[in-house]
Amino acid sequence: MFYNNPIYNFLLERKSSTEISFIPESLWVGDPDNGKKIVDGFMNFNGESIVFDKQTWKKNKGSRSWNEELFCFDWIKDVKALGTNKARIFLRDNIREWLRLKNRWDPFSWETKILSKRLCFLMSNMSFFYETADESFQKKFAKSLNKQAIHLINVFKKKKLGSEKIFTAKAIIISALSFRNLSSKLKIGIKLLIDTLNSDIMEDGMHYLRSPSEQFIFLQSLIDIKNYLGSSKIVIPKDLNENIYRIASTLKFFKIANGELAIFNKFQYVESYQVNEVLKRSNSKLKTPNTLSSSGFQRINENRLTLIMDCGTPSIEKTHASSLSFELSHGNEKIVVNCGSPFVSNKELNEAMRSTAAHSTVSIDNINSSDIFFEKNTTTRLAKVWSEKLERDNNFWINSAHTGYKDLFGLIHNRKVHIDSKNLIIRGQDYFSRPTKSYNLTPKKLFLRFHIHPDVKLSATASKKKVVLKLKNNLGWEFICSEPKIEINEGIYFGEKKLKKNNHHILISEKIVPDKKIKWLFRMIK
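Residues numbered from 1 in each chain as written. Predicted model: local features only at pLDDT ≥ 70, side-chain atom pairs only at ≥ 80, totals over all residues. Heavy atoms only, no water.

J.: What am I meant to see in the overall build of the chain here?
T.: The secondary structure content of the chain amounts to 15 helices and 19 strands. Compactness check: the chain gives a C-alpha radius of gyration of 25 Å against a globular reference of 24 Å for 526 residues, within 12% of the reference. Projected onto its principal axes, the C-alpha coordinates of the chain cover approximately 75 × 45 × 45 Å. When the accessible surface of the chain is summed, it comes to about 23000 Å², and 50% of that surface belongs to carbon and sulfur atoms. On the chain, the mean spot of the 85 positive side-chain charges and the mean spot of the 55 negative ones are 1 Å from each other. (Helix = DSSP H or I, 4+ residues; strand = E, 2+ residues; numbered from the N terminus. Rg over C-alpha atoms; globule rule 2.2 N^0.38 Å. Areas by Shrake-Rupley, 256 points an atom, 1.4 Å probe, with all protein chains shown as cover. Lys, Arg positive; Asp, Glu negative; His and termini not counted. Charge placed at Lys NZ, Arg CZ, Asp CG, Glu CD.)

Right, here's the structure in full:
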């Protein structure tokens, strides 16, 4: 490969410069507890722990995703958060080792998405360890960053950029602002930024992956870019400001009363203080919407009751088969949830948590409502979803349907939800209609699941017709269903910080009869 040719490395070295004209500063504070573990030789990414020392850069037993995190250097902010001289020396020693081993192109650590993130994280945190370093370190480090940035600018147009495209735009912008020999490349970074805003953000301000945590990460990067441009006395593009306001407004849509983000699609836990900090820095005065028409989400937020429902067509990339699932909370207490995304590198578990069964909705014969593939886009069966929301007094109705099972079973899943916010009652009905007589498979059973937050204690009555839910704040709710037997089954929940928790879900399984309505109800016990 040409990039592996010594001549290419020689040309990069010859073009690269050590002259830094601007040192950017990160707005975000890391986790000092994790920083201490790293300095002590314990590195954990995605639930995978590896003993960390200088030899780790050369060879380790970590998975590909673990090594991606290592070579991105996102963890550097946690070490920086310690604020000690020991932390500075630790970072310089490890960067020296990285430079010794990886300061020329290789197919993994110089992959576009890893390289883009590395430039962003190293440069935005460099003031901590760079300014007090000896001249030799400063020159080697600066030259390496410049060399990597030149390579990124050379290759990014040749690569298919996915959801990490915003990091490539940010990396080019931050490099152009920081190095005099790259200042003319700023327009390339700005153009890529505007192209990314146009391609990745829908009309309602939602990120195309339809994920609240991806929305957070994207918005954080936009705020970074605005900060770097402003600090360099560069005029902020109008499109950047307007999108920050719009995207922040949409992020508020998914913020529930405890300050966390609701769980939909690809999920990464974000602390409530981080959500608040990003929203504060966005300075968005736009009103929080109650419907996201393009991405397809409905939200009811009345009388301390919050219900958010996924009524949109799943994304082709990183598909989650979650059509018509919802999350329900009262005050600061989560009640009905989706199960989240695992932070462990495990194909089977990743696919399981993206399945319909891992969401609070209905599946047929435990087949997903949309096809999902591991590290591959869905180009086959993808549910088309329709919804409407009606409102009168303190009552709200969400009527919805999806076609995910139409080609397989000739069936449309219909879900109607009525929210009586004054009396704190949520009524619902699920049924399958058959608009066509042609289908490939004969459906047998439906499985209706409501995943319950781990902090909620459940107990079914002897008749199995009712479930009593005791919340962490000792308030009681109950679940009632029209079907004769309710089951309580165990499950797992990945909705909190690097923790896999056991939880329970309410399950109703029935033989499918077209147009037969299964009615259910959640209400507070007063």
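J.: Would you take a moment to explain the nonpolar core for this structure?
T.: Nonpolar side chains in soluble globular proteins generally cluster together in the buried interior. Within the largest apolar cluster, 98 residues are counted, with the highest numbers of intra-cluster contacts made by W75 and F129. If sequence neighbours within four positions are ignored, W75 has contacts with I38, M43, F45, W57, E69, L70, F90 and L91. Of all hydrophobic cores here, the second largest spans 45 residues; its members include L328, F450, I452 and F479. (Core = buried A, V, L, I, M, F, W, Y, C linked by side-chain atoms within 4.5 Å. Buried < 20%, exposed > 50% of the residue type's maximum accessible area, 1.4 Å probe, protein only. Contact = heavy atoms within 4.5 Å.)

J.: Please clarify how the packing of aromatic side chains should be interpreted in this entry.
T.: A ring pair, where both rings are aromatic, is described by two values, the distance of the centres and the angle of the planes. Inspection of the entire model under this criterion finds 32 aromatic pairs. Seen from their ring centres, F129 and F141 are 5.4 Å apart, and the 80° between their planes marks the pair as edge-to-face. With F129 in helix α7 (residues 127-130) and F141 in helix α8 (residues 135-155), the pair connects residues that are twelve residues apart, well separated along the chain. Given a relative accessible area of 2%, F141 falls into the buried group. Following the ring pairs from residue to residue traces out a cluster consisting of F52, W57, F71, F73, W75, F90, W98 and F108. (Phe/Tyr/Trp six-rings, centres within 6.5 Å; stacked < 30°, edge-to-face > 60°.)

J.: Honestly, the sheet that holds strand β9 (residues 385-392) in this entry has me stumped. Any pointers?
T.: Sheets are built from strands that pair by backbone hydrogen bonding, the pairs being arranged parallel or antiparallel. On the basis of which strands lie adjacent, the open sheet formed by eight strands has the order β9-β10-β11-β12-β19-β16-β15-β14 and antiparallel pairing. Of all the strands in the sheet, the pair left with one neighbour each is β9 and β14 (457-460). On average, adjacent strands in this sheet sit at an angle of 15° to one another, irrespective of strand direction. Relative to strand β10 (residues 395-402), β9 runs antiparallel, the two being bridged by eight bridges. For K389, the partnering residue across the bridge sits in β10 and is I398. (Pairing = 2+ DSSP bridges. Axes fitted to C-alpha atoms, helices over the stretch in contact; angles between N-to-C directions.)

J.: Explain the pattern of salt bridges here, please?
T.: Two side chains carrying opposite charge are able to pair once their charged atoms lie near each other. In this structure the tally under the stated criterion is 32 salt bridges. When the shortest N-O distance is used, the salt bridge between E478 and R523 registers 2.5 Å. Within this pair, whereas E478 is found in strand β16 (residues 476-481), its partner R523 is found in strand β19 (residues 518-524), the two being separated by 45 residues in sequence. Under the relative-accessibility criterion, E478 is labelled buried at 9%. Because the salt bridges share partners, they merge into one network encompassing R64, E68, E111 and K113. (Salt bridge = Lys/Arg side-chain N within 4 Å of Asp/Glu carboxyl O.)

J.: Just checking my understanding: could you explain helix α11 (residues 212-231) for this structure?
T.: For an α-helix the count is 3.6 residues per turn, leaving residues at separations of three or four pointing the same way. Given a rise of 1.5 Å per residue, 20 residues ought to cover 28 Å, and the 29 Å separating the end C-alpha atoms of α11 matches this to within 8%. With 16 of 20 residues buried, α11 is to be regarded as a mostly interior element. (Expected span 1.5 Å × (residues − 1).)

J.: Whenever I open this one, the pairing of strand β11 (residues 412-420) confuses me. Can you help?
T.: Residues in a regular strand point their side chains to alternate faces of the sheet. With eight of its nine residues buried, β11 lies for the most part within the structure. By the bridge criterion, eight bridges tie β10 to β11 in an arrangement that is antiparallel. Its bridge partner being in β11, W397 is matched across the sheet by H418. In the sheet, β11 pairs with strand β12 (residues 425-433) via nine bridges, with the strands oriented antiparallel. The residue bridging H413 from the neighbouring strand is F432, located in β12.

J.: Whenever I open this one, helix α2 (residues 32-39) confuses me. Can you help?
T.: Three or more residues of α2 are buried, namely N34, G35, I38 and V39. Buried residues of α2, viewed axially, fall in a sector of 140°; they line one side. Along its buried surface, α2 packs onto β1 (42-45), α4 (76-80) and α5 (85-102). Capping the start of α2 is the job of one residue whose side-chain oxygen sits 3.0 Å from the backbone nitrogen of D33: D31. Immediately downstream of α2, the backbone of G41 shows phi near 95°, a positive value. (Arc of directions from axis to C-beta. Polar contact = N/O pair within 3.5 Å; in protein donor to acceptor, adjacent residues only side chain to side chain.)

Purely geometric stuff here, so don't read any function into it on its own.
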